[in-house]
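Read off the chains here:
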Amino acid sequence: MPVDHFPSTHRTWLETQLGLGDPGLAAAREHVMARSHVALAAYVRGARVSALGEPDDIVHDFFAKNLGKSDYLSRWLDSGFPLRRWLMNGVSAHIRLLWRARALHAGRHAPLDQSSRGIESTTPAAEREFERAWIRATLGEACRRVEDQLVAEG
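Predicted model, so just to flag it, every value in this text is computed and none were measured. What you see as residue numbers is a count from 1 along each chain, following the sequence as written. Given that the model is predicted, a residue must reach a pLDDT of at least 70 before its local features are reported, and side-chain atom pairs must reach 80 or more before they are shown or counted; all residues, however, enter totals for whole chains, interfaces and linings. Side-chain calculation: all heavy atoms of the structure are included, whereas hydrogens and water are not.

(A) Here's a closer look at the overall build of the protein. Secondary structure elements follow DSSP: runs of H or I no shorter than four residues count as helices, runs of E no shorter than two count as strands, and numbering proceeds from the N terminus. Scanning the protein from terminus to terminus reveals six helices and zero strands. Overall, the protein shows an N-to-C arrangement of helices and strands of α-α-α-α-α-α. Think of it in three bands: residues with accessible area under 20% of the maximum for their type are buried, residues over 50% are exposed, and the middle band is partly exposed, with areas taken using a 1.4 Å probe on protein chains only. Across the 154 residues in the protein, those meeting the buried criterion constitute 35%. Summarising the internal contacts of the protein: among those between residues at least 6 apart in sequence, 64% fall at separations of at least 24. Contacts between residues were defined by any pair of non-hydrogen atoms, one from each residue, lying within 4.5 Å.

(B) Expanded view of the packing of helix H3 (residues 55–66) against helix H5 (residues 83–106). Where helices are involved, their axes are fitted lines through C-alpha atoms of the stretch in contact, as for all axes, and angles between N-to-C directions lie from 0 to 180°. Packing of H3 against H5 leaves a shortest axis separation of 10 Å and a crossing angle of 105°. By the criterion of interaxial angle, the relationship of H3 to H5 is roughly perpendicular. Between H3 and H5, the residues in contact are Ile58, Asp61, Phe62 and Lys65 and Leu87, Gly90, Val91, His94, Ile95 and Leu98, respectively. Think of it as three bins: nonpolar holds Ala, Val, Leu, Ile, Met, Phe, Trp, Tyr, Cys and Pro, charged holds Asp, Glu, Lys and Arg, and polar takes everything else, Gly as well. Per-class residue counts for the contact of H3 with H5 are six nonpolar, two polar and two charged. Each angle is binned into one of four classes, with values under 35 degrees roughly parallel, values over 145 roughly antiparallel, values of 65 to 115 roughly perpendicular, and all other values oblique.

(C) Up close: the side chain of histidine 94. Looking at the element boundaries, histidine 94 is found in helix H5. Discounting residues that sit within four places of it in the chain, histidine 94 has contacts with Ile58, Asp61, Phe62 and Lys65.

(D) Looking closely at the nonpolar core. Grouped together as the largest cluster of nonpolar side chains are 34 residues, with contacts concentrated most on Leu40, Leu87 and Ile95. Within the residue set of this core, elements represented by two or more residues are helix H1 (10–18), helix H2 (22–47), H3, helix H4 (72–79), H5 and helix H6 (110–152). It is H2 that provides the largest number of residues to this core, a total of ten residues. Working definition of a nonpolar core: buried Ala, Val, Leu, Ile, Met, Phe, Trp, Tyr and Cys residues. They are joined through side-chain atoms within 4.5 Å.

(E) Quick peek at the confidence of the model for the protein. Of the residues in the protein, 83% have a pLDDT of 70 or more, and the chain-wide mean is 81. The pLDDT value expresses, per residue, how confident the predictor is, ranging between 0 and 100. Note on residues 109–118: pLDDT is under 50 here. Beyond four places in sequence and across chains, it has seven contacts.

(F) View of the layout of surface pockets. Approximately 170 Å³ is the volume found for the second largest pocket. Using protein atoms alone on a 1 Å grid, points that fit a 1.4 Å probe yet trap it form a cavity, whereas open point sets bounded by protein on both sides within 12 Å along at least five of seven lines form a pocket; residues with an atom within 4 Å of a point count as lining. Taken together, eleven residues line the second largest pocket, and the ones lying closest to its centre are His10, Arg11, Arg35, Leu83 and Trp134. No other element matches the three residues that H1 contributes to the lining of the second largest pocket. By residue class, the composition of the lining of the second largest pocket is five nonpolar, three polar and three charged. Grid points are joined across faces, edges and corners, and a volume is the space filled by probe spheres set on the points.

Here it is, written out as structure tokens:
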């Protein structure tokens, strides 16, 4: 049997999982969270929104509110966006919602305008941090796969 040196992409794998119903959806969610958590936390850290909480907490909240929706990953597939861009846009929108909720809770709306400008001004730095973390994770995974293959071949 020939070896497939070009295995399916993560997009293809995720699409297959989503077609399997609930067990596949659970596997897809776990995969997305495991692969993107560090990069998304780096993005949040780069956005300098510490007043909203710890980056890990913000990312976990984002996952809970969005990946918990049964159609979130299906909407990503329909969007045509790369997964990392879809998630980065989602976290950015989530941060804006957190600012809005904070402003409403405090009973004042002016800080929302200031905080939104702050997010926009730091977005390039946050995106760079996200991309670096994403690349590190992807490269690390590729190195582990090569090492596993070489060990398997003796």
